[in-house]
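The residues making up each chain are set out below.
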Amino acid sequence: MSRLRIPYSRQSVGQADYTSVREVLESEWLTTGPTIDRFEEEFAGVVGAPCAVAVSSGTAALHTMFSAFGVSAEDEVIMSPVTFAASANAVLYCGGKPVFVDVDPDTLLIDPMKIESAITTKTKAILAVDYAGQACDYSALKIIANRHKLYLLADACHSLGGEYLDMRVGSIADATAFSFHPVKAITTGEGGMITFSDPTLAKRARQFRNHGITTDFREREEKGTFFYDVSSSGFNYRISDINCALGRAQLKRLRSCIDKRNEIAKKYSKHFHGHPYVLPLVHLPEVLHAYHLYVVRVSNSGGLTRDSLYAALREHGIGTNVHYRPVYLHSYYQRMLNLKSGLCPNAETAYQQILSLPIFPTLASSDISTIVSTIDEICARLAKF
Ligand SMILES: *Cc1c(COP(=O)(O)O)cnc(C)c1O
């Protein structure tokens, strides 16, 4: 638990969640049972996808997704560096290579204009990362993917519940990965989901999450057979029915959680409109934002920097965070991929300035007032020195 008075994120768990989890605990199946199927069906319905496969984490979802599309040794996957390390790690797990393309400075979403010059004969897919909960420019990405015969895949760990034009995130790309970590839109404790437009790939993903075995335990039980075949490579990426019971109850509140996040974002945006030191990222009109994060850029002025604002807010008991240090600046990727700073200037400049302010459905109006007035007071004080 955070010792901060206002954390940057907090999950919402209530009575309906306890009831749902309890039902599963009292049932016959704690894992590989019917609650997983229900959760997958309901989730697919909510995002408008033909099928969904639940796994043990968002990272497992990304790995399973890349694997289902056959990403393997030497294959390149184009992505933004303004993302969590897992987006790149999942490509590396497959033996592939993440290729980083710079972002638009207004939104920190991948800049479609910069993608084509990064495409090579080895490029297999483009990974759209819906940073902060705002959908990428899927129209532009689809045109590029079609023109070069690439898969368009999505890391929607931030954007569950979001929309682009009239399309729901999860039904736009060839496949989409989600996370149910407690800071995300809905939680299962740990968990993830992949939606596919092609059911054959979903079948492959189900096999991948269970050691590459063709049938699961429940199917064999029902058929009265012990025989199974391991017919492809796989992992134990199964999610339990206990986790899915929590997910099913949480999913019912998704819409209201996204509405709440948008209300909070609106209050922040109204306050920071024309602010001398704090500039929110741009919210595109064609997007229904899921507001996983509310990200601002902090101007350097006197003693005011992103770092000094972060530290001063902490002293006031207000938690903020930085999302993200460009992936390739971490020492592991510099070593592994032989990448150096300067690769994506917009991402690197943003990294010095960005701060994610508290946003979660139960954040009180009075807390928002406290946060913005504390920020104003700190900015005015520090900017003078
Ligand atoms: C949270 C997150 C992940 C990983 O999800 P886990 O459930 O923590 O494994 C991947 N990509 C992005 C952009 C995320 O925010």
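For the structure itself, consult the block above.
Summarised in this report is the structure supplied together with it. These numbers come from a predicted model, not from an experiment. (Residues numbered from 1 in each chain as written. Predicted model: local features only at pLDDT ≥ 70, side-chain atom pairs only at ≥ 80, totals over all residues. Heavy atoms only, no water.)

### Comments concerning the pairing of strand β2 (residues 76–79)
Okay, so step 1: Every second residue of β2 is oriented toward a common face, with Glu 76 and Ile 78 on one face and Val 77 and Met 79 on the other, all of them buried.
Okay, so step 2: Relative to strand β3 (residues 97–100), β2 runs parallel, the two sharing 4 bridges. Its bridge partner lying in β3, Val 77 is registered against Pro 98.
Okay, so step 3: Handedness of the β2-helix α4 (residues 85–93)-β3 crossover: right-handed.
Okay, so step 4: Where β2 lies against strand β4 (residues 123–129), 3 bridges are found, and the strand directions are parallel. Bridging from a neighbouring strand, Val 77 pairs with Ala 125 of β4. (Buried < 20%, exposed > 50% of the residue type's maximum accessible area, 1.4 Å probe, protein only. Helix = DSSP H or I, 4+ residues; strand = E, 2+ residues; numbered from the N terminus. Pairing = 2+ DSSP bridges. Right-handed = clockwise from strand over helix to strand, strands pointing away.)

### Topic: the sheet that holds strand β12 (residues 294–298)
Okay, so step 1: Strand order in the open sheet formed by 3 strands is β10-β12-β13, and the pairing between neighbours is antiparallel. If you trace the sheet from one side to the other, it starts and ends with β10 (278–280) and β13 (354–357), each paired once. Within this sheet the neighbouring strands show an average axis-to-axis angle of 40 degrees, counted without direction.
Okay, so step 2: Pairing between β10 and β12: 3 bridges, direction antiparallel. (Axes fitted to C-alpha atoms, helices over the stretch in contact; angles between N-to-C directions.)

### Notes on the site of the ligand
Okay, so step 1: Neighbouring the ligand are 15 residues, the closest being Gly 58, Thr 59, His 158, Ser 179 and Lys 184.
Okay, so step 2: Within the side chain of Asp 155, a nitrogen or oxygen atom sits 2.9 Å from a nitrogen atom of the ligand.
Okay, so step 3: For the ligand, whose free accessible area comes to 380 Å², the fraction covered by protein is 92%.
Okay, so step 4: Taken together, the elements giving at least two residues each to the shell around the ligand come down to α3 (58–68) and α4. (Near = heavy atom within 4 Å. Polar contact = N/O pair within 3.5 Å; in protein donor to acceptor, adjacent residues only side chain to side chain. Areas by Shrake-Rupley, 256 points an atom, 1.4 Å probe, with all protein chains shown as cover.)

### Considerations on the pattern of salt bridges
A pair can form between side chains of opposite charge whenever their charged atoms are brought close.
Okay, so step 1: One pass over the full model with this rule turns up 14 salt bridges.
Okay, so step 2: In this structure, the salt-bridge partner of Asp 37 is Arg 218, at a minimum N-O distance of 2.7 Å. Of the two residues, Asp 37 sits in helix α2 (residues 34–47) while Arg 218 sits in helix α7 (residues 217–223), which places them 181 residues apart along the sequence.
Okay, so step 3: Residue classification places Asp 37 among the partly exposed residues on the basis of a relative accessible area of 26%.
Okay, so step 4: Among the ionic pairs, Arg 248 bridges to Glu 42, the shortest N-O distance being 2.7 Å. Placement of Arg 248 in helix α8 (residues 241–251) and of Glu 42 in helix α2 is noted, with a sequence separation of 206 residues between them.
Okay, so step 5: Look at Arg 248 and you get partly exposed, because its relative accessible area is 25%.
Okay, so step 6: A cluster of three or more residues bridged by salt bridges with shared partners is formed by Glu 40, Arg 206 and Arg 209. (Salt bridge = Lys/Arg side-chain N within 4 Å of Asp/Glu carboxyl O.)

### Considerations on the packing of aromatic side chains
Okay, so step 1: Counted according to the given criterion, the structure contains 18 aromatic pairs.
Okay, so step 2: Arranged with centres 5.0 Å apart and planes meeting at 70 degrees, the rings of Phe 43 and Phe 178 form a pair that is edge-to-face. A residue pair is termed long-range when its members are at least 10 positions apart, and Phe 43 in helix α2 and Phe 178 in strand β8 (residues 175–179) qualify at 135 residues. With respect to burial, Phe 43 and Phe 178 carry one shared label: buried.
Okay, so step 3: Consider the rings of Phe 84 and Tyr 324, whose centres lie 6.4 Å apart with planes at 40 degrees: the pair is tilted. Placement of the pair is Phe 84 in the loop between β2 and α4 and Tyr 324 in the loop between α10 (306–315) and α11 (331–337), with a sequence separation of 240 residues.
Okay, so step 4: You can call Tyr 324 buried: its relative accessible area is 12%.
Okay, so step 5: The rings of Phe 39, Phe 43, Phe 178 and Phe 180 are connected pair by pair, giving a single aromatic cluster.
Okay, so step 6: Residue placement shows Arg 218 over the ring face of Trp 29; its charged tip is 6.0 Å from the ring centre. (Phe/Tyr/Trp six-rings, centres within 6.5 Å; stacked < 30°, edge-to-face > 60°. Lys NZ or Arg CZ within 6 Å of the ring centre and 35° of its normal.)

### Brief notes about a negative patch on the surface
Okay, so step 1: Negative charge collects at one region of the surface, where Glu 28, Glu 219, Glu 221 and Glu 222 lie side by side.
Okay, so step 2: Along the chain, Glu 28 falls in the loop between α1 (15–25) and α2. (Patch = residues over 30% accessible without salt bridge, like charges linked within 9 Å, V, L, I, M, F, W, Y side chains within 5 Å. Lys, Arg positive; Asp, Glu negative; His and termini not counted. Charge placed at Lys NZ, Arg CZ, Asp CG, Glu CD.)

### Notes on helix α13 (residues 365–383)
Okay, so step 1: Here α13 spans 27 Å end to end across 19 residues, near enough to the 27 Å set by a 1.5 Å rise per residue.
Okay, so step 2: Buried residues along α13 sit against α9 (254–272), β10, α10 and β13. (Expected span 1.5 Å × (residues − 1). Contact = heavy atoms within 4.5 Å.)

### Structural notes on the sheet that holds β8
Okay, so step 1: Read from one edge to the other, the open sheet built from 7 strands follows the order β1-β9-β8-β5-β4-β2-β3, with strand pairing classed as mixed. Of all strands in the sheet, those with a lone pairing partner are β1 (51–55) and β3, marking the two edges. Ignoring strand direction, the axes of neighbouring strands in this sheet form an average angle of 25 degrees.
Okay, so step 2: Packing of α4 onto the sheet brings it into contact with β2, β3, β4 and β5 (151–155), and relative to β3 it is tilted by some 140 degrees.

### Overview of the nonpolar core
Okay, so step 1: The biggest cluster of nonpolar side chains holds 99 residues, and the ones touching the most others in it are Met 65, Phe 66, Tyr 131, Tyr 138 and Phe 196.
Okay, so step 2: If sequence neighbours within four positions are ignored, Tyr 138 has contacts with Ala 128, Asp 130, Leu 152, Ala 154, Tyr 164, Ile 172 and Ala 173.
Okay, so step 3: Listed in part, the 28 residues of the second largest apolar core include Tyr 294, Val 298, Ala 312 and Ile 375. (Core = buried A, V, L, I, M, F, W, Y, C linked by side-chain atoms within 4.5 Å.)

### Examining empty space enclosed by the protein
Okay, so step 1: All chains considered together, the criterion is met by 2 cavities of 30 Å³ or more.
Okay, so step 2: Its volume calculated, the largest cavity comes out at about 90 Å³.
Okay, so step 3: Along the wall of the largest cavity there are 13 residues; nearest its centre are Ser 12, Ala 185, Ile 186, Gln 250 and Cys 257.
Okay, so step 4: Residues that form the lining of the largest cavity fall into these classes: 5 nonpolar, 4 polar and 4 charged.
Okay, so step 5: Around the second largest cavity sit Ala 156, Cys 157, His 158, Ser 159, Leu 160, Phe 178, Ser 179, Lys 184, Ala 185 and His 292, which together line it.
Okay, so step 6: Along the lines of polarity and charge, the residues of the lining of the second largest cavity split into 5 nonpolar, 4 polar and 1 charged. (1 Å grid on protein atoms, 1.4 Å probe; cavity = no way out; pocket = protein on both sides within 12 Å on 5 of 7 lines; lining within 4 Å. Points joined across faces, edges and corners; volume = space filled by probe spheres on them. Nonpolar A, V, L, I, M, F, W, Y, C, P; charged D, E, K, R; others polar.)

Interpretation note: all reported values are geometric properties and have no functional meaning in isolation.
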